[in-house]
Amino acid sequence: MSKLVVRAFSISLDGYGAGPEQSLENPLGKGGEGLHEWFIPTPTFRAMTGKEGGETGVDEDFAAHSFANLGAWILGRNMFGPVRGPWPDDSWKGWWGDTPPYHVPVFVLTHHARPPIEMKGGTTFHFVTDGIESALRQAREAAGGKDVRVGGGVSTVHQYLRKRLIDDIHIAVSPLLLGSGESLFAGIDLAALGYACTEQVGSSRATHFTVTKQG
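Since we're looking at a predicted model, the values are computed, not measured.

## Some points on the side chain of Ser66
1) Next: Tracing the chain through its elements places Ser66 in the loop between α2 (58-65) and β3 (70-76).
2) Next: A relative accessible area of 1% places Ser66 in the buried class.
3) Next: Engagement of the side chain of Ser66 in a polar contact is seen with the backbone oxygen of Ala63, the distance being 2.6 Å.
4) Next: Setting aside residues no more than four positions away along its own chain, Ser66 makes contact with Arg7, Ala8 and Arg149.

## Some details on the sheet that holds strand β11 (residues 207-213)
1) Next: Spatially, 9 strands are ordered β5-β6-β4-β3-β7-β1-β8-β11-β10 in an open sheet, and the strand pairing comes out mixed. In this open sheet, the two edge strands, each paired with only one partner strand, are β5 (117-118) and β10 (195-202).
2) Next: In the sheet, strand β1 (residues 4-11) pairs with strand β8 (residues 168-173) via 5 bridges, with the strands oriented parallel. Within β8, the residue paired with Val5 across the bridge is Asp168.
3) Next: Across the sheet, helix α5 (residues 154-162) touches β1, β3, β4 (105-109), β7 (147-152), β8 and β10, and the angle it forms with β7 is around 135 degrees.

## Some remarks on α2
1) Next: All of the buried residues in α2 are Asp59, Glu60, Phe62 and Ala63. Viewed end-on, α2 has its buried residues packed into an arc of 165 degrees, placing them on one side of the element.
2) Next: Next to the buried residues of α2 lie α1 (43-48), β8, β10 and β11.

## Concerning the packing of aromatic side chains
1) Next: Scanning all chains against the criterion turns up 13 aromatic pairs.
2) Next: Residues Phe80 and Phe125 carry aromatic rings whose centres are separated by 5.0 Å and whose planes lie at 70 degrees to one another, so their mutual orientation is edge-to-face. Residue Phe80 is found in helix α3 (residues 77-80), and its partner Phe125 is found in strand β6 (residues 124-128); the two are separated by 45 residues along the sequence. Summarising the burial analysis for this pair, Phe80 and Phe125 share the class buried.
3) Next: On the basis of an interplanar angle of 70 degrees and a centroid distance of 5.6 Å, the ring pair of Trp87 and Phe127 is categorised as edge-to-face. Taken together, the positions of Trp87 in the loop between α3 and β4 and Phe127 in strand β6 put the pair 40 residues apart, joining distant regions of the chain. Note on accessibility: Trp87 and Phe127 belong to one class, buried.
4) Next: Aromatic ring contacts, followed pair by pair, group Phe67, Trp73, Phe80, Trp87, Trp96, Tyr102, Phe125 and Phe127 into a single cluster.
5) Next: Stacked on the ring of Trp87, the Lys or Arg Arg77 has its end atom at 3.8 Å from the ring centre.
6) Next: Of note, Arg114 hangs over the ring of Trp87, and the distance from its end group to the ring centre comes to 4.7 Å.

Definitions and cut-offs
Residues numbered from 1 in each chain as written. Predicted model: local features only at pLDDT ≥ 70, side-chain atom pairs only at ≥ 80, totals over all residues. Heavy atoms only, no water. Helix = DSSP H or I, 4+ residues; strand = E, 2+ residues; numbered from the N terminus. Buried < 20%, exposed > 50% of the residue type's maximum accessible area, 1.4 Å probe, protein only. Polar contact = N/O pair within 3.5 Å; in protein donor to acceptor, adjacent residues only side chain to side chain. Contact = heavy atoms within 4.5 Å. Pairing = 2+ DSSP bridges. Axes fitted to C-alpha atoms, helices over the stretch in contact; angles between N-to-C directions. Arc of directions from axis to C-beta. Phe/Tyr/Trp six-rings, centres within 6.5 Å; stacked < 30°, edge-to-face > 60°. Lys NZ or Arg CZ within 6 Å of the ring centre and 35° of its normal.

Structure representation (structure tokens):
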């Protein structure tokens, strides 16, 4: 059965999933790139960037699993780009160049309509203006029985969590402090929503937690 999942969601030791002041120069906010230092040496990441090799072990196990059995993604608009408000034109097509790393349909939450964008490698960006549940319905239909991954950002994860729509979450806690930014846990009572930690595994670069919806 198709699940709605969050995987390889990196946060700082003080709970931030992105640094402050996102911009074209700082897609993850100031200091945010350090959240993913556990991911960058893995063969999974290196293959995404056209490189060979990489470090195997716990981090690679979680990195590889994060792309397993995925049929579609859902992204908040900030995960697609730094543009705010109405689209000025159709020139911005994401952070990732002509061949994004998704290779499946991606549904972008936005208040401003835009035609779909077909990219190289199997990724098509669809822009959803009628809410998170509509995006999930469309993503599940496109996924064809495979899982749907919520890629972020924090606000998008919060919206799906509050409705108990997410089945499981993999969080990678990186050993750095950001001090400010977007907090993954602010205003969210996971226990009251019926979630529990079901796995904890550490590596030299991160501690990995899996949180699963109960019942």
